[in-house]
Structures are given as structure tokens and as C-alpha cells.
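# A closer look at the structure
Listed here are the chains, written in short residue letters.
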Amino acid sequence: MELKLINVSKIYKGKKKNEEVVAVKDFNLSINKKEFVVFVGPSGCGKSTTLRMIAGLEDISKGELYMDGELMNKVEPKFRNVAMVFQNYALYPHMTAYQNMAFGLKNMHIAKDEIDKRINQAVKILDIEHLLHRKPKAMSGGERQRVALGRAIVRTPRLFLLDEPLSNLDAKLRAQMRVEITKLYEKLDTPFIYVTHDQVEAMTMGTIIVVMRKGIIQQIDRPEALYDFPKNRFVAGFIGTPQMNFYEVTIKKIRQSLQIVLPENNVLLVALKDLKKIKDKYLDGQEHKAILGIRPEHIQIVESADKDTFQVETSICENLGSETLVYADFALGKDLNIRESTSSIVIKRYERDVFLAKQKIFIKFGKKKIHLFSNDEKEETIYKTEDGETSNNNKPSLNVLSEEVIEESSK
Ligand code: ADP
Ligand code: MG
């Protein structure tokens with residue numbers, strides 16, 4: 001299966017006359033083997049719209065959609081050979097699981113033997129043989145969702161499209177179904193596109209993650225690459241819990257090091273060789289504004305001061321059982337509201353320890369774990385991207401993506 005979207009856009013008519021709502025802008029994606037693609041982003045960023053355009057449930061306003069080399073823009077949904085699973089699984093209430101799964105196939109005039117064969121296979125894969133003759137009202141939410149997946153599997157589609165299929169389930173079942181959908185993906189020979197607003201689902205399930213914001217792709221990458229090398233502050237903040245800490249800083253190259261001035265004039269000196277390659281314009285020996293990001297798990301609490309430590313003041317400590325979140329602030333002796341402070345710090349510890357409020361502690365940043373972003377509206381990484389170019393938000397960084405999608409959007 002080969003899927004390619006080239007500058008796909010969706011423009012809705014707005015409420016006012018001549019008003020246009022751009023729901024998706026210049027979406028570029030290309031996969032040429034089995035992948036578990038996740039579209040992730042906050043509510044309203046255009047995930048469902050993109051999925052529905054792939055399914056054919058929504059017209060494509062601009063751009064091209066190809067499946068196995070064939071232009072699909074004008075092909076009716078039923079001829080696209082894709083299967084879609086929604087949040088509200090929409091099983092027919094008066095039909096048994098068997099009948100629900102068989103229904104679409106009967107409409108396609110598939111022989112009874114073949115229908116039975118496919119359903120038998122599907123229920124084995126999903127472990128729902130015992131549900132075959134039950135109606136939806138006699139099933140739990142998770143069981144219904146499995147039947148809905150079964151109904152998608154028996155159609156032997158070339159592509160599965162899933163739109164937030166787990167968001168109606170409680171947390172425990174969601175975690176369990178996450179694993180089951182991943183297993184299902186591994187058993188089948190078909191790519192999945194999975195829509196979610198949940199970054200944990202994205203990170204645990206995806207082989208490729210597409211991070212979206214306001215209709216625009218922010219980054220397409222493997223999960224580890226998104227975590228290690230976010231292209232902008234939005235992606236950095238969206239992936240990972242608790243969120244990455246961000247500070248307005250000034251940076252300046254001094255000999256072979258970068259001097260970073262943090263809140264309350266705390267100075268961090270990092271050897272350039274310990275950082276990813278920084279764009280040249282920031283290394284001219286002048287002072288530059290930037291945004292520093294560091295994840296809570298990359299800050300250490302240490303016993304005593306040395307040249308790399310900062311003294312900070314604790315506010316609260318949350319014990320989560322396996323880990324502890326320590327909230328602190330660079331500002332000492334001030335009565336700060338941690339939510340409003342631009343110098344607050346969240347530290348994730350894998351030890352169970354207790355810090356009282358207003359305690360002075362020493363912390364240390366993992367120098368190799370520092371992220372730096374431009375202090376302007378783009379908030380892009382100031383690290384050089386692999387190809388050494390200035391980054392373009394809409395440009396995929398994966399080599400699985402073919403050349404032509406990389407071209408600037410046709411206006
Ligand atoms: P997501 O699935 O990421 O939450 P959607 O794809 O549903 O987001 O919606 C993207 C944007 O398009 C939203 O701003 C939404 O309000 C808008 N939108 C969706 N459907 C329509 C429609 N039929 N008419 C006008 N605007 C729409
Ligand atoms: Mg949606």
C-alpha cells in the first residue's frame with residue numbers, strides 16, 4: 001500500500017458571506033510500506049478532517065490524494081477500499097456481532113462461505129469468538145469496540161482509518177485497547193492511520209507521528225525523534241508529561257562554549273560539543289534572545305553546590321507512587337503563584353522523596369538534554385536540522401517520505 005497526500009487542504013465556507021475557514025492547509029504525507037501513522041494535536045487542529053478526506057467522506061478543496069499511484073480525489077468512498085472506525089462505534093443495536101460484521105459484506109454480494117471465513121479469522125484475531133451471537137447491549141464498551149474493529153477487518157481494506165476510537169472508554173480499558181490495537185496492527189498487513197489528541201497514545205502506538213496545530217503539520221517523525229528533537233516549542237511542549245520547562249534566556253558564544261543566562265541571572269555554561277549543532281547566526285559572539293527547554297526528567301536534584309548547580313526554592317511535591325514531581329522556582333524567597341511564574345521548574349524524580357515547601361535545593365540540568373528555540377513567533381529550534389537547512393515547518397524530516405512532497409506548496 002502506497003499513500004500519498006500532496007498539499008491537501010480543506011477550506012470550509014464560513015458563517016459570514018465569503019468567509020473561509022481553513023481547516024487543513026498543505027498537508028503532505030507519503031508512506032510506502034506498512035506503518036502505524038498517528039495524527040495528533042489539540043482539538044480542532046484538522047485531524048478528523050484530514051482522515052475524512054482520505055476516506056472520501058469529505059471533498060478535498062485543494063491538493064491531491066493518491067493510493068497505490070491512483071489519484072483518488074474524485075473516487076467515491078465505497079470504491080476506495082478503506083475501513084474506518086469511529087469513537088462511537090455505531091454498531092447496529094438490533095444485530096448480533098456476527099450480523100454486524102457480515103452486514104457490509106452481504107451488501108457487497110460476497111458469498112456466505114467467504115463471509116464466514118473472514119469473520120472466523122477476525123474473531124480469532126480479536127479474541128471475541130464468544131461474542132458472535134450477542135447484541136451490542138449485552139457487551140461492554142471494550143467488547144463493542146472490538147466488534148467494530150472486527151467489522152473493519154472483515155472488509156480486508158488496504159488502509160484502516162481510526163478516529164479517536166478509544167476516547168469513550170475508561171482509562172484502564174483505554175490502556176488495554178491501546179495494546180490490543182497495536183497487536184492487531186502487527187498481525188495484519190495493512191497500514192493504519194489513527195487520530196488522537198492524546199500524546200501518550202501517539203507515542204506508544206505510532207511508528208510515524210504527524211503533529212498538527214491549527215490545520216498545519218508541525219512535524220512528522222518517529223516517536224523517539226519527536227521526543228529528542230522537536231522542531232519547535234509547540235511540539236516540544238505537546239509531547240511528554242509533565243510538559244517541558246521553558247525559559248526566556250539570552251545566549252552568547254564564549255570561546256568553545258555557550259553561555260546561557262536563565263531566570264534570576266543563573267548562568268549555565270555548556271560546551272558547544274555537548275549541544276546539537278546551533279545555527280551560525282547565534283554563534284557570532286553577540287548576545288541573542290532564545291527560549292530554553294528542558295524536560296522535567298532531565299533535571300537532577302543534587303546534594304551540594306558546584307559550578308553547574310542552581311539554587312532554587314521548592315513549592316510543592318507530588319508523589320505519584322513510582323515517581324515524584326517536585327515543583328520549584330528560580331526565584332528565591334518570593335511568594336509566587338507557580339502557574340504564573342516564568343521561572344517555575346518541574347522536576348521528575350524516580351525516587352520517592354519529600355521536599356517541604358520553601359526549601360532551598362540545588363539542581364542541575366542535563367546539559368546534553370537542553371533544547372533551544374527562537375524567541376519569535378515561530379519558536380523554531382535553533383539547532384541545525386539534519387540537512388543543515390533552515391527548517392520549514394511543513395517539511396517532513398523522514399527519509400521514508402519521497403522527494404516530491406517536500407516541494408514548497410503550489411500556491
Ligand atoms: P480535530 O479532529 O483535530 O479535532 P476537525 O478536523 O474536526 O478537528 O476540525 C478542524 C477545523 O475545521 C475546526 O476548526 C472545525 O471547527 C472546522 N470544521 C470542521 N468541520 C466543519 C464544517 N463542516 N464546517 C465548517 N468548519 C468545520
Ligand atoms: Mg476529531
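### A word on the overall build of the protein
- When its secondary structure is counted, the protein shows eight helices and 20 strands.
- Taking the principal axes of the C-alpha coordinates as reference, the protein spans close to 75 × 50 × 45 Å.
- Of all 411 residues assigned to the protein, the portion counted as buried reaches 52%.
- Counted over contacts in the protein with a minimum sequence separation of 6, partners at least 24 positions apart contribute 67%.
- A total accessible area of about 20,600 Å² is found for the protein, and carbon and sulfur atoms account for 48% of it.

### Describing the pattern of salt bridges
- In the structure shown here, the tally under the stated rule is 21 salt bridges.
- Between Lys 112 and Asp 116 there is a salt bridge, with the nearest N and O atoms lying 3.0 Å from each other. Of the two residues, Lys 112 and Asp 116 are both situated in helix α3 (residues 112–126); the distance of four residues between them amounts to about one turn of the helix.
- Residue class for Asp 116 comes out partly exposed when judged on its relative accessible area of 23%.
- A salt bridge links Asp 280 to Lys 384; the nearest nitrogen and oxygen atoms lie 3.2 Å apart. Here the residue Asp 280 occupies a position in the loop between β13 (267–271) and β14 (288–294), and Lys 384 occupies one in the segment after β20 (371–374), the gap between them amounting to 104 residues.
- Overall, the relative accessible area of 54% leaves Asp 280 in the exposed class.
- Here Lys 384 falls in the partly exposed class, since its relative accessible area comes to 27%.
- Look at the salt bridges and you will find they share partners, linking Lys 10, Arg 52 and Glu 58 into a network.

### Regarding unusual backbone geometry
- Omega for the bond connecting Thr 241 with Pro 242 falls within 30 degrees of zero, at -15°, which places this linkage in the cis form.
- Secondary-structure assignment places Pro 242 in the loop between α8 (233–238) and β11 (245–254).
- Look at Glu 264: it is not a glycine, yet its phi comes out positive at around 60°.

### A short note on the pairing of strand β6 (residues 82–85)
- Of the two faces of β6, both are covered, the one formed by Val 82 and Met 84 as well as the one formed by Ala 83 and Val 85.
- Bridging between β6 and strand β7 (residues 159–163) involves four bridges; their strand directions are parallel. Counterpart to Ala 83 in the pairing with β7 is Phe 160.

### Examining the sheet that holds β20
- Taken together, five strands build an open sheet; the order of strands is β13-β12-β11-β14-β20 and the sheet is antiparallel. Edge strands, defined here as strands with exactly one partner in the open sheet, are β13 and β20. On average, adjacent strands in this sheet sit at an angle of 40° to one another, irrespective of strand direction.
- Pairing between β14 and β20: four bridges, direction antiparallel. From the neighbouring strand, Gly 293 faces β20, where its bridge partner is His 371.

### Some details on the confidence of the model for the protein
- In the predicted model, the protein carries a mean pLDDT of 91, and the fraction of residues at 70 or more is 92%.
- Taken as a whole, residues 388–411 scores under 50 in pLDDT and shows 49 contacts with residues more than four places along the chain or in a different chain.

### Structural notes on the nonpolar core
- Ranked by size, the top nonpolar core spans 48 residues in total, and within it Met 101, Ile 119 and Phe 192 carry the most contacts.
- Apart from residues no more than four positions distant in its own chain, Met 101 is found in contact with Ile 119, Val 123, Ile 128, Leu 132, Val 147, Gly 150, Arg 151 and Val 154.
- Within the second largest apolar cluster, 33 residues are counted, among which are Tyr 282, Val 312, Phe 355 and Leu 372.

### As for the site of ligand 1
- The environment of ligand 1 is made up of Tyr 12, Ala 23, Ser 43, Gly 44, Cys 45, Gly 46, Lys 47, Ser 48 and Thr 49.
- The contact in question runs from an oxygen atom of ligand 1 to an N or O atom on the backbone of Cys 45, over 3.2 Å.
- Lys 47 is positioned such that a nitrogen or oxygen atom in its side chain is 2.9 Å from an oxygen atom of ligand 1.
- With three residues, the top contributor of residues to the shell around ligand 1 is helix α1 (residues 47–55).

Each value, and the rule that gives it
- Residues numbered from 1 in each chain as written.
- Chains lettered and ligands numbered in written order.
- Predicted model: local features only at pLDDT ≥ 70, side-chain atom pairs only at ≥ 80, totals over all residues.
- Heavy atoms only, no water.
- Helix = DSSP H or I, 4+ residues; strand = E, 2+ residues; numbered from the N terminus.
- Buried < 20%, exposed > 50% of the residue type's maximum accessible area, 1.4 Å probe, protein only.
- Contact = heavy atoms within 4.5 Å.
- Areas by Shrake-Rupley, 256 points an atom, 1.4 Å probe, with all protein chains shown as cover.
- Salt bridge = Lys/Arg side-chain N within 4 Å of Asp/Glu carboxyl O.
- Pairing = 2+ DSSP bridges.
- Axes fitted to C-alpha atoms, helices over the stretch in contact; angles between N-to-C directions.
- pLDDT = per-residue confidence, 0-100.
- Core = buried A, V, L, I, M, F, W, Y, C linked by side-chain atoms within 4.5 Å.
- Near = heavy atom within 4 Å.
- Polar contact = N/O pair within 3.5 Å; in protein donor to acceptor, adjacent residues only side chain to side chain.

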